[in-house]
Amino acid sequence: MLSVVRRVRVGPAAVRARHERLASYRTALGRLIVVAAFLALAGCNGGTVDRHALTKDGEAIDSLACEGRLLAHDIAAGRSTSRFAEVHSGTLRQRASNFEDALSERPTVAVIERDVRALARKAARLASLLEQLHRQPDDRASARRIELGLGEAGDCP
Amino acid sequence: MKIFSVALGILAAIGGFVDIGDIVFNVAAGAMFGYDLLWVVVVGVGGIIVYSEMCGRVAAVSQKAVFDAVRERVGFGAGLVTLIGAELTTLLTLTAEIGGVAICLQLLSGFGYRWLVLVGVVALAVVVWVTPFEWIERIFGYGGLCLLVFALAAYELHPDWGAVANGFVPSIETNDTLVFLFFAVGLLGAAMTPYEVYFYSSGGVEEGWTPKDLGVNRANAIIGYSLGGILSVILMIVGGTLFLLHGIEPESLATVALGAEVPLGTIGLLVALVGILFAVSGAAIDTVFAGAYNISQFFGWEWGRYRSNAGAPRFTAAWIAMLLAACAIVLTGVDPVQLTEYAVIFSVVALPLTYLPILLVANDRAYMGSHANGPIANILGIGYFVVIMVVAVSAIPLLIATNVGQG
């Protein structure tokens, strides 16, 4: 019984059906690859800054400003250590610089280009203030001034 | 004497519960959603208690650790797939923990990060090489108790305790459901991370647990993990009170330490950094051992810290290889916090492969005799396994859809 079934399955019709099935698998796989590539490109956004990316980058830059302000406040109040202040402000400065570079150079859609470049300048200003904090982690008077600057630069609650 | 021993074990479990994944996900979840995800921590801690008790019981009764059970229950082929998945996620986690060690050392000393990675790895290797097992557990567990400084910080930050209490009631009230779900999955993964059960069950075998120790096992699992879970809750409260209020998205361990500095000043900062250092160092050692335990148990090599390093040469070579591989990855400059997020999410995918064999063996009367799962253990075990399956299936799609929680 089993051999009959096998013979029937390997007949011309079965071979044709198998080829068709393979072809449909290949088509499905091809579509899957296209969809995956599309999703990957959508995720990376092709390097272009759109409104969504602008909003998200804006939030991240404000977060850096607010965190820098909190750190500067503690330094001004003598409530931090110079090592911690130096290292952490350096990390925040590096992130702000990365945003500055990316937003200055990445292509964008025309209608938001001015906003994107303005955000790049804001990131640059933050990076400059955080650099000062990084270089003078013991200077409480400078920290007070930088705290004000970061508060003005960032949209902190 | 036994009560004293249990108390020491529980103290070590509290300090040793929190690792870099818990720290990152709890504080970030608080900063993004306030206290709304506190209930997920409770669910996750419940899961790790259920399965740790189960695998500790299996270890005490059958003298078999997790990967002995995996090999015997699912066979070589499926077992090998499980082993590869477990080793990769354990290596990712170890890499993140070593990065965390170096960051803490840098924040305390100001020296260069890459040098401190090497210093950290050498220090961990020396500790693992020369320190007896029970002392490793205790030193890092007790050091991790410094994290309780965040309890004081949370109190000083004056959270809305009514809102905190509401956070323990399960709900999904948010404009960004996908990101909320991503964090929920991450919190579950951080609480139920597989290396913890590998380490726990192997430790039970190492310490020579017998059925007489089932009470100790239950006490360690229930009290230790519950109290350890409180640390996770405290970290989320700090995130929800300080960082949400100030519009800060925490992206580094330094930001977490700031959570103690702002309300408590320099002393708070230093104690927090020491606590994080001990917690991530302890977790790094747990993961090193977990990786070496898994591979040794699977291939039937001699294993265990109660043997000399020369007495279990392939086990020793395995943990040294894990440490070197993780060191090499960290030195590429990969961000440990980002790596943590990936490590936790990929661990979630591996959860069913880890927990199913435990559930099967704990139900097998041939192994367990009268200590096999009863109805309550089975209801909890199967219930949590369903949760684990849902979470495992949704983890990667959520990772992609939310751009790693960025929205």
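Residues numbered from 1 in each chain as written. Chains lettered and ligands numbered in written order. Predicted model: local features only at pLDDT ≥ 70, side-chain atom pairs only at ≥ 80, totals over all residues.

## Some remarks on the overall build of chain B
Short version of the rule: The helix and strand labels rest on DSSP assignments: H or I over at least four residues marks a helix, E over at least two residues marks a strand, and numbering proceeds from the N terminus. Each radius of gyration is computed over the set of C-alpha atoms, and the globule rule expresses the reference value as 2.2 Å times the number of residues to the power 0.38. Partly exposed residues are those whose C-beta has more than 12 but fewer than 20 other C-beta atoms within 10 Å; with 20 or more the residue is buried, with 12 or fewer it is exposed, and the C-beta atoms are placed from the backbone. Any pair of residues counts as being in contact when their C-beta atoms, constructed from backbone geometry, are within 7 Å of one another.
Counting its regular elements, chain B contains 16 helices and 0 strands. Here chain B has a C-alpha radius of gyration of 20 Å; the compact-globule value for 407 residues is 22 Å, and the two agree. Principal-axis analysis of the C-alpha atoms places the extent of chain B at approximately 55 × 45 × 45 Å. Buried residues in chain B amount to 58% of all 407 residues. A separation threshold of at least 6 residues defines the contact pool for chain B, and within that pool the share at least 24 residues apart is 86%.

## Focus: the confidence of the model for chain B
Residues and elements named next belong to chain B. The condition is simple: One confidence number per residue, pLDDT, is output by the predictor and ranges from 0 to 100.
Chain-level statistics for chain B give a pLDDT mean of 90 and a share of 96% at 70 or above. Taken element by element, chain B is modelled with least confidence in helix α1 (residues 2-17), mean pLDDT 63, and with most confidence in helix α7 (residues 149-156), mean pLDDT 97. The ipTM assigned to the predicted complex is 0.88, against a pTM of 0.87.

## Some points on the packing of helix α3 (residues 38-62) of chain B against helix α9 (residues 177-191) of chain B
Residues and elements named next belong to chain B. What counts here: Axis definition: a line fitted to C-alpha atoms, over the contacting stretch in the case of helices. Angles run 0 to 180 degrees between N-to-C directions. In these notes the angle categories are as follows: under 35 degrees is roughly parallel, over 145 is roughly antiparallel, 65 to 115 is roughly perpendicular, and the rest is oblique. By definition, any crossing whose near helix is turned counterclockwise from its far helix by less than a right angle is left-handed, and any crossing with a clockwise turn is right-handed.
Following both chains from N to C, one finds α3 and α9 inclined at 30°, their axes separated by 8 Å at the closest point. As the angle between them shows, α3 and α9 are arranged roughly parallel. Classified by chirality, the crossing of α9 by α3 is right-handed. Touching Val-40, Val-41, Val-43, Gly-44, Val-45, Gly-47 and Ile-48 of α3 are Ala-184, Leu-187, Leu-188 and Ala-191, all from α9.

## Topic: the confidence of the model for chain A
All names here are of chain A. Averaged over all residues, the pLDDT of chain A is 80; the fraction at 70 or higher stands at 71%. In the predicted structure, residues 1-10 sits below a pLDDT of 50 and forms 2 contacts with residues beyond four places in sequence or in another chain. Low pLDDT, under 50, characterises residues 37-46; the predicted model gives this stretch 5 contacts beyond four residues in sequence or across chains.

## Here we look at the environment of Arg-69 of chain A
Residue and element names in this part refer to chain A. Here Arg-69 is to be found in helix α3 (residues 51-76). Accessibility expressed as a C-beta count within 10 Å gives 23 for Arg-69, which makes it buried. As a C-alpha pair, Arg-69 and Glu-152 span 83 residues in sequence and 9.7 Å in three-dimensional space. For Arg-69, the contacting residues outside a window of four places in its chain are Glu-147, Leu-150, Gly-151, Gly-154 and Cys-156.

## Re the nonpolar core
Using the following cut-off: Think of a nonpolar core as buried Ala, Val, Leu, Ile, Met, Phe, Trp, Tyr and Cys residues, each tied to the set through C-beta atoms within 7 Å.
Ranked by size, the top nonpolar core spans 177 residues in total, and within it Leu-126 of chain A together with Phe-183, Leu-187, Ala-257, Ile-276 and Ile-358 of chain B carry the most contacts. A total of 28 residues in this core trace back to one element, the largest contributor, which is helix α12 (residues 253-299) of chain B. Contact partners of Leu-187 of chain B, with chain neighbours within four places excluded, come to Phe-25, Asn-26, Ala-29, Leu-37, Val-40, Val-41 and Gly-44 of chain B.

## Considering the interface of chain A and chain B
When the parts of a complex come together, some accessible area is lost, and that lost area is often used as the size of the interface. Definition in use: All amino acids are sorted into three groups, where Ala, Val, Leu, Ile, Met, Phe, Trp, Tyr, Cys and Pro are nonpolar, Asp, Glu, Lys and Arg are charged, and the leftover types, Gly among them, are polar.
Taken together, the contact between chain A and chain B spans 21 residues of the former and 23 residues of the latter. The greatest single-element share of the side of chain A that touches chain B, amounting to 9 residues, is contributed by α3 of chain A. Of the residues contributing to the side of chain A that touches chain B, the split by class is 8 nonpolar, 6 polar and 7 charged.

## Considering unusual backbone geometry
Residues and elements named next belong to chain B. Its identity as a non-glycine residue notwithstanding, Asn-403 has a phi of 55°, on the positive side. Structurally, Asn-403 is set in the segment after α16 (375-401). Overall, Asn-403 belongs to the partly exposed group, with 16 C-beta atoms counted inside 10 Å. Positive phi, normally seen in glycine, also occurs at Val-404, with a value near 55°. Tracing the chain through its elements places Val-404 in the segment after α16. The exposure class of Val-404 is partly exposed, given the 14 C-beta atoms found within 10 Å.

## Focus: the environment of Val-164 of chain B
All names here are of chain B. By the secondary structure assignment, Val-164 is in helix α8 (residues 161-166). As a C-alpha pair, Val-164 and Ala-366 span 202 residues in sequence and 46 Å in three-dimensional space. Ignoring anything within four residues of it in the chain, the contact list for Val-164 reads Tyr-35, Pro-159 and Ile-237.

## Re the environment of Phe-346 of chain B
Residue and element names in this part refer to chain B. Relative to the helices and strands, Phe-346 is located in helix α14 (residues 336-363). Classification of Phe-346 by C-beta neighbours within 10 Å gives partly exposed; the count is 18. The sequence separation of Phe-346 and Leu-88 amounts to 258 residues, and the corresponding C-alpha distance is 9.0 Å.

## Here's the deal with helix α6 (residues 133-144) of chain B
Residues and elements named next belong to chain B. Heads up, the rule is: Each residue after the first adds 1.5 Å to the expected span of a helix. Picture the helix axis, draw a direction to every C-beta atom, and the arc is the one those directions span.
If you check α6, its first and last C-alpha atoms are 17 Å apart, about what 12 residues at 1.5 Å a residue would give, namely 16 Å. Within α6 the residues assigned to the buried category are Ile-136, Glu-137, Phe-140, Gly-141, Gly-143 and Gly-144. Down the axis, α6 shows its buried residues gathered within 165° of arc, on one side only.

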